[in-house]
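Coordinates in review
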Amino acid sequence: MNDKAIEEMNYEEAIQALENIITQLENDNQTLDDSLALYEQGQKIAQRCAALLKNAELRIRTLTETESD
Amino acid sequence: MAQFNLFSDFEAPILSVTQLNFYLRQLMESDDLLQRVWIKGEVSNLSTPRSGHIYFTLKDAEASLQCVIWKSNTARLQQIPREGMAIEARGYISVYERGGNYQLYVDNIRVAGEGELFQEFLALKAKLEAEGLFDAERKLPLPPYPHTIGIVTSATGAAYQDMINTLKNRYPLAQVLLSPAAVQGDKAPPQIIKALQALYALKPDVILIGRGGGSLEDLWCFNNESVVRAIAASPIPIISGVGHETDFTLSDFAADVRAPTPTGAAVLATPHIDEMGEQLVNYFSGLTSLIKQKINQFRQEINELTANLRPLSPLYKVASEMQHLDHLEQRLYQLTAQQAAVQQSRLSAAMQHLNALNPSNILRRGYAILQQPDGQTITTVMQVEVDEAIQAVLHDGRLTLTVNKKNSKIEGDTRNE
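These lines cover the structure that appears in this document, whether it is placed above or below. (Residues numbered from 1 in each chain as written. Chains lettered and ligands numbered in written order. Predicted model: local features only at pLDDT ≥ 70, side-chain atom pairs only at ≥ 80, totals over all residues. Heavy atoms only, no water.)

A few words now on helix α8 (residues 225–232) of chain B. Residue and element names in this part refer to chain B. Those residues of α8 that fall on the buried side of the exposure criterion are Val 227, Val 228, Ala 230, Ile 231 and Ala 232. Structurally, α8 contributes buried residues whose contacts are with α5 (114–131), α7 (188–202), β8 (206–211), β9 (238–242) and α9 (250–254). Capping the start of α8, Asn 224 holds a side-chain oxygen 2.8 Å from the backbone nitrogen of Ser 226, two or three residues further along. (Buried < 20%, exposed > 50% of the residue type's maximum accessible area, 1.4 Å probe, protein only. Helix = DSSP H or I, 4+ residues; strand = E, 2+ residues; numbered from the N terminus. Contact = heavy atoms within 4.5 Å. Polar contact = N/O pair within 3.5 Å; in protein donor to acceptor, adjacent residues only side chain to side chain.)

Here it is as structure tokens:
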């Protein structure tokens, strides 16, 4: 799994991490402790995703002439 | 000789004007070249009567040709003819029988030079295709959730507004890097290439390139060989959206994905935020049901283990020992009670016996104990003298007696002294 802090994940990283967790939970070879830890992690990541969607605002930057040179 | 001339004149067929024009019309209409041909020239004598048909003359320096566009064809024209315009008109040549003149029946018109451009286009396309520039293996996959989206177009064009509006609605998570460039005219190709290279350096996740609709000439910079090569060489996936649905440019072939319009390019580049939200909700409920399932599974396992463990547990042993103890206790109680009953009956027999031996009971039956005044029991006549006072103990008191006579059993029945 991605070790990057959840608060710093972009949407793609977060949703991939979430998909990863779901795959791991679907796998039967998890201890209860591991499963609970995964679930907790998954919840946090899903909240991160929701926050990213909720607070999204398109940012626009126009490259100046010098940047193009 | 005159007769021969006369005869030879009569040998030639005689046609009416109608027959001649009909003949000529058939002749022309059976000629393949004349059935579908582009004629280039300058528009003059343009006439647009209320019938809706369009009449004009195409001319060049030395000749002229009557042209007509039927009303039914006018709506489909790429280009409306204007007086003095240099055009290429497509159609078939036939005879207008009533007027006795041949003319071009036009079904399409384009600005002069476009035909040559198109030939150039096909030649360049064939060349680049042969080089493998448009090969499917060269195409880069699009990122599912682009973080940074580069745009190459005119900062003032409608295409830019369309793309920005689409991105705002669909996917406001992105950062847009607008790398502005002219998208028509001679300055366009070098500016487009420079704008692309500026973006390559900044490494956005995907690049949208395009412009709104226009004439073939307007879109032509996207068929420029250098532009097409710059797009094909991009290290970043590029989506092209040039003109309208029907417009195809070489940039479209070189891009990783071709969109029909600039708006379409923005759509293809991004997922819709509503769908992302739905997906997230699905994932979230999936996560919750997975953990519930997991917990139930563990709970069931624990229940099974507990059931297996119970006979082995010390508590179970204690309980079982306690039961054993109870059992022993009960037996002990039973034995004790039995024993007690036996003793009880022995005791009461002894009591009865004892009772029977109690002297006072004998006294009740009429016996008395004789005692000397000092309390010594008198068991023989030898112990008393006549006139001696002795005591008789009865069951309810004492009597003091005086002995009147003594008889000894040994000397006969009664011996009086």
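Looking now at the nonpolar core. Side chains of a nonpolar character, in soluble globular proteins, are inclined to be buried together. Counting residues in each nonpolar core, the largest one holds 44 residues, and the members touching the most others are A:Tyr11, A:Leu18, B:Ile151 and B:Leu208. For this core, the elements supplying multiple residues, two or more each, are α1 (11–26) and α2 (32–54) of chain A together with β6 (148–153), α6 (158–170), β7 (175–180), β8, α10 (262–269) and α11 (273–309) of chain B. It is α1(A) that provides the largest number of residues to this core, a total of eight residues. Of the residues that make up this core, three or more belong to each of domain 2 (133–271) and domain 3 (274–311) of chain B. Excluding its chain neighbours within four sequence positions, the residues that come into contact with A:Leu18 are A:Gly42, A:Ile45, A:Ala46, B:Leu280, B:Tyr283 and B:Leu287. With 36 residues, the next largest nonpolar core counts B:Leu124, B:Ala198, B:Tyr200 and B:Leu250 among its residues. (Core = buried A, V, L, I, M, F, W, Y, C linked by side-chain atoms within 4.5 Å. Domains from an automatic or database assignment.)

Let us now look at the pattern of salt bridges. Where charged atoms from two side chains of opposite charge approach closely, those side chains can pair. Residue and element names in this part refer to chain B. If you walk through the whole model with that rule in mind, you get nine salt bridges over all chains. The salt bridge involving Glu 29 is made with Arg 25; its shortest N-O contact spans 3.2 Å. Of the two residues, Glu 29 and Arg 25 are both situated in helix α2 (residues 17–29); the distance of four residues between them amounts to about one turn of the helix. (Salt bridge = Lys/Arg side-chain N within 4 Å of Asp/Glu carboxyl O.)

A few words now on the interface of chain B and chain A. At the interface, 36 residues of chain B touch 37 residues of chain A. Counting each side, the surface lost to burial between chain B and chain A is near 3,300 Å², with a carbon and sulfur contribution of 71%. At the surface where chain B touches chain A, the tally comes to zero salt bridges. Run the count over chain B and chain A and you get eleven residue pairs in polar contact (both at pLDDT 80 or more). (Buried area = accessible area lost by both parts, 1.4 Å probe.)

In this section: the sheet that holds β9(B). Strand order in the open sheet formed by six strands is β1(A)-β7(B)-β6(B)-β8(B)-β9(B)-β10(B), with parallel pairing between adjacent strands. In this open sheet, the two strands that pair with only one neighbour each are β1 (59–62) of chain A together with β10 (257–259) of chain B. Between one strand and the next, the sheet's axes are offset by a mean angle of 20 degrees, whatever the strand orientation. Both β6(B) and β7(B) contribute to a ladder of six bridges, which runs parallel. Counterpart to B:Val152 in the pairing with β7(B) is B:Ser179. Sitting on the sheet, α6(B) touches β1 of chain A together with β6, β7 and β8 of chain B, and the angle it makes with β6(B) is about 165 degrees. Docked against the sheet, α10(B) engages β8, β9 and β10 of chain B, running at close to 155 degrees with respect to β9(B). (Pairing = 2+ DSSP bridges. Axes fitted to C-alpha atoms, helices over the stretch in contact; angles between N-to-C directions.)

This part takes up the pairing of β9(B). Residue and element names in this part refer to chain B. With respect to burial, β9 is a largely interior element, five of its five residues being buried. Covered by surrounding structure in β9 are Ile 238, Ser 240 and Val 242 together with Ile 239 and Gly 241, the residues of both alternating faces. The sheet contact formed by β8 and β9 spans five bridges and is parallel. Considered in β9, the bridge of Ile 207 is made with Ile 238. Handedness of the crossover is the feature at issue here: the chain leaves β8, passes through α8, returns alongside β9, and the resulting connection is right-handed. Bridge count between β9 and β10: three bridges; the pairing is parallel. Paired with Gly 241 across the strands is Ala 259, a residue of β10. (Right-handed = clockwise from strand over helix to strand, strands pointing away.)

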